[in-house]
Each structure stands twice: as C-alpha cells, then as structure tokens.
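Chain by chain, the residues run as shown.
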Amino acid sequence: MQNQTKHDKILDALQELLANKDIQNISVSEIAQTAGIGKGSIYYYFPSKDSILEALIERNYEKPLETAKNLAAQTDISPFTRMAMIFQACRNSSSQLRSHGDVTKLSGVGETAFLHQKYLSHLISELKPDLTEIIQQGIDNGDIRFKYPAALAEIVLIVLAVKLDNTLVPSTAEEIEETIVGLIELLEKGTENPPGSLNFLKPVK
C-alpha cells in the first residue's frame, strides 16, 4: 500500500505540474519536490520522466480499457451492441480528458497536441485487440461480413478517437456528427448490414 501511495503521488505531481508547464520543461527533481518525496525514490518506481507520463496516461484511460476487455468476453451480447458500448467509453474518456484542467490547461498549442497525441495513441493501441476480437466474433457468427477485422477495428478507432477528442483536428459539433454518421454508413455497407441498422452507434446528444 505504501509503494502504491508513492506511485500515485508521483503521477499526481506530474499531472499538477502539467497545468502550468510544458512536459519538456518539467524535471524529475520538480516532480519529486511536488510529490514530497526524494528524487531517488522516483527512479525506484520509474526509469525516466517519459515512463511517468506513460503511466499517467494509462491511469487516465484505465476504466474504458477495462470496460472493453470485459465486453470482449461477453459473447452473449451482439457485437454491434458491444461496439456501441466501447464507443461510449471512448466518448466518456475523451470528454473527461477535455474537461480535466490539470491536463488541458497547458502553456502552448503544440504542447497540448503532443500530450493528446500520446493519449490517443495509447487509447487506439490498447483498444484495438479487444475491438478486433469482437468484430471477429461477429464475423464468425455471421453478423458481420468483412475480411479484415483488425483493419476495421483500427479504422473505426482512429476516426472516433481523433474526432471525439477534437484536439488534433478541431471540428464543430455538426462536423463531428457528420463524420460519425459517415462512419456508420461505411460500417453498414462494409459489413453488409441494412441502412439505418447501426444508427444506435450515433453519439447520444
């Protein structure tokens, strides 16, 4: 428990420092001072500053990723329903990230893009195996007709993550909705499902 407390203090300290400073200008010494622990203790838990940032990213997306892993195992639920639940988890995590002042109130646009790119990269890479498994299950039971489940999972995640995060490619609410509607239409055609059958994947207003 003591080790976990220090681990979390280090992550909390970096998150606090990111409110006012670029990641490049934050030192390990500053993180240690903010966390109230010795600099040497930092290296007991993390080999570098980058590894602290990676751990912070993982912590912020822990819940939606756990949801996705659980859904991948629930084969009694239709694959598209599970996909919709994962998409909702993506929306929730993106909304939380956008509203989280400690991460988003940074000193420069470039720094904001850098951090969001790392968040999105982590989200896409971690969700892809679970979404691929769900799509493959849909293919196996005949609900989905598509030859490349991993490619489909990656395409869907890239579009959703980038548009719903709305940082790397800023868009209006109307533009985001149009992109999601277009993605749904492509999914329906690509998986040979009737038009309108996947409308439940649309963002909830």
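Note that the coordinates shown come from a computational prediction; the quantities given were computed from them, not determined experimentally. Per-chain numbering applies: the sequence of each chain, read as written, is numbered from 1 onward. Where totals are concerned, whole chains, interfaces and linings use all residues; where local detail is concerned, this predicted model gives features only for residues with pLDDT of at least 70, and gives and counts side-chain atom pairs only at 80 or more. Computation of side-chain values: all heavy atoms of the structure, hydrogens and water removed.

Some details on the packing of aromatic side chains
Put simply, two rings from Phe, Tyr or Trp (the six-membered ring, in Trp's case) pair if the centres are within 6.5 Å, and we call them stacked under 30 degrees between planes, edge-to-face over 60, tilted for the rest. With the rule as written, the count across this model stands at two aromatic pairs. Measuring from centroid to centroid gives 4.9 Å for Y44 and Y45, while their planes differ by 85°, and the two rings are edge-to-face. Using a relative accessible area of 61% as the deciding quantity, one classes Y44 as exposed. Pairing F146 with Y148 gives two aromatic rings, centres 6.3 Å apart and planes at 85°, and the pair type is edge-to-face. Classification of Y148 as exposed rests on a relative accessible area of 54%. Relative accessibility under 20% of the residue-type maximum defines a buried residue, over 50% an exposed one, and the middle range a partly exposed one, all with a 1.4 Å probe and only protein chains included.

Quick notes on the pattern of salt bridges
For this document, the term salt bridge refers to a Lys or Arg side-chain nitrogen within 4 Å of an Asp or Glu carboxyl oxygen. Per the counting criterion, the structure on display carries six salt bridges. Where D12 meets R59, a salt bridge forms, and the shortest distance between an N and an O atom there is 2.8 Å. You can see D12 sitting in helix α1 (residues 2-17) and its partner R59 sitting in helix α4 (residues 49-60), a full 47 residues away along the chain. The class for D12 is partly exposed, based on a relative accessible area of 39%. We note a salt bridge from K189 to E185, for which the minimum N-O separation is 3.2 Å. In this pair, K189 and E185 are both assigned in helix α10 (residues 173-190), four residues apart and thus about one turn of the helix distant. In this structure E185 comes out as partly exposed when scored by relative accessible area, which is 41%. Strands are runs of DSSP state E lasting at least 2 residues, helices are runs of H or I lasting at least 4, and numbering of each runs from the N terminus.

Here we look at the environment of K147
With respect to the helices, strands and loops of the structure, K147 is situated in the loop between α8 (109-140) and α9 (149-165). When the C-alpha positions of K147 and G190 are compared, they lie 9.7 Å apart, and in sequence the two are 43 residues distant.

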